[in-house]
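# Analysis of the macromolecular model
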Amino acid sequence: MSNRFKFTADQVAELEDAYRTYTDDGKDHRRIQVVMLRAQGTRFKAVTAATKACSSTITDFTNRYLEEGIPGLLKTKHKGNYRFLTDKTPAQPALTYHPKTVS
C-alpha cells in the first residue's frame, strides 16, 4: 500500500461494515467499495478494474473519507444550474412529433 494513505484497523472495519450496510444506493456502495479496497491495500489498477473508477476519483473518495469519514463519502455535490418552474412561470408545451404523411 502507498505511504500516502494510512488507514487504521478501526477504519478498515468501519468501511467493511459500511460496505455491507449501504447496499440500497449504487453510488454510495461504489464510493465505499473504492475506499475499502484502498484501505485493504489494493493497488489503484486493481481498484479501477473492480469498480471502473479512475485514479483521480479513487484519490478524491479516499481523501474525502480520511477528512470526513463515512458521512463525507455519502454527501453528494451537485454542480450546475438547476432550474425549476415556479407558480409564476408558465409551463412550456411539450414538443410533439408529427410524421410527414406520404401523398
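A short tour of the structure in this document, coming up. (Residues numbered from 1 in each chain as written. Predicted model: local features only at pLDDT ≥ 70, side-chain atom pairs only at ≥ 80, totals over all residues. Heavy atoms only, no water.)

## Things to note about helix α4 (residues 55-68)
Note: α-helices contain 3.6 residues per turn, so residues at a spacing of three or four share the same orientation. Note the cut-off: Secondary structure counts use DSSP, requiring at least four H or I residues in a row for a helix and at least two E residues in a row for a strand, with both numbered from the N terminus. Here a helix's expected span is defined as the number of its residues, less one, multiplied by 1.5 Å. A contact between two residues is defined here by any heavy atoms of the two lying within 4.5 Å.
With 14 residues, α4 ought to run about 20 Å at 1.5 Å a step, and its terminal C-alpha atoms sit 20 Å apart, in line with that. Residues of α4 that are buried sit in contact with α1 (9-21), α2 (26-39), α3 (44-51) and α5 (70-74). Where α4 terminates, the next one or two residues include G69, which has phi positive at roughly 75 degrees.

## As for the packing of α3 against α4
Quick reminder of the rule: Lines fitted to the C-alpha atoms define the axes, with helices restricted to the stretch that makes contact. Angles between their N-to-C directions range from 0 to 180 degrees. Throughout, the term roughly parallel applies to angles under 35 degrees, roughly antiparallel to angles over 145, roughly perpendicular to angles from 65 to 115, and oblique to all others. All residues other than Ala, Val, Leu, Ile, Met, Phe, Trp, Tyr, Cys, Pro, Asp, Glu, Lys and Arg, Gly among them, are scored as polar; the first ten of these are nonpolar and the last four charged.
Close contact between α3 and α4 brings their axes to 10 Å; oriented N to C, the two are set at 100 degrees. The pairing of α3 with α4 is recorded here as roughly perpendicular in orientation. For the pair α3 and α4, the contacting residues are F44, V47 and T48 in the first and S55, I58 and T59 in the second. For the contact of α3 with α4, the per-class residue count stands at three nonpolar, three polar and no charged.

## Points about the pattern of salt bridges
What counts here: Definition used for salt bridges: Asp or Glu carboxyl oxygen within 4 Å of a side-chain nitrogen of Lys or Arg. Burial classification: accessible surface area is computed with a 1.4 Å probe over protein chains only, and a residue below 20% of its type maximum counts as buried, one above 50% as exposed, and the rest as partly exposed.
This structure, assessed with the given rule, holds one salt bridge. Residue D28 pairs with R31 through a salt bridge whose shortest N-O separation is 2.9 Å. Highlighted residues: D28 and R31, both in helix α2, separated by three residues, approximately one helical turn. A single burial state applies to D28 and to R31, both of which are buried.

## Observations regarding the packing of α1 against α2
Two packed helices can be described by the angle between their axes and the distance between those axes. Put simply, the rule is: By the definition used in this description, the sense in which the near helix is turned from the far one sets the handedness, with an anticlockwise turn below a right angle giving left-handed and a clockwise turn giving right-handed.
Taken N-terminus to C-terminus, the directions of α1 and α2 make an angle of 150 degrees; their axes are 9 Å apart at the nearest point. Relative to α2, α1 is oriented roughly antiparallel. The crossing of α1 and α2 is left-handed. Only H29, I32, Q33, V35, M36 and A39 of α2 make contact with α1, whose side of the interface consists of V12, L15, E16, A18 and Y19. For the contact of α1 with α2, the residue count by class is eight nonpolar, two polar and one charged.

Take it as geometry only, folks, not as evidence of what the structure does.
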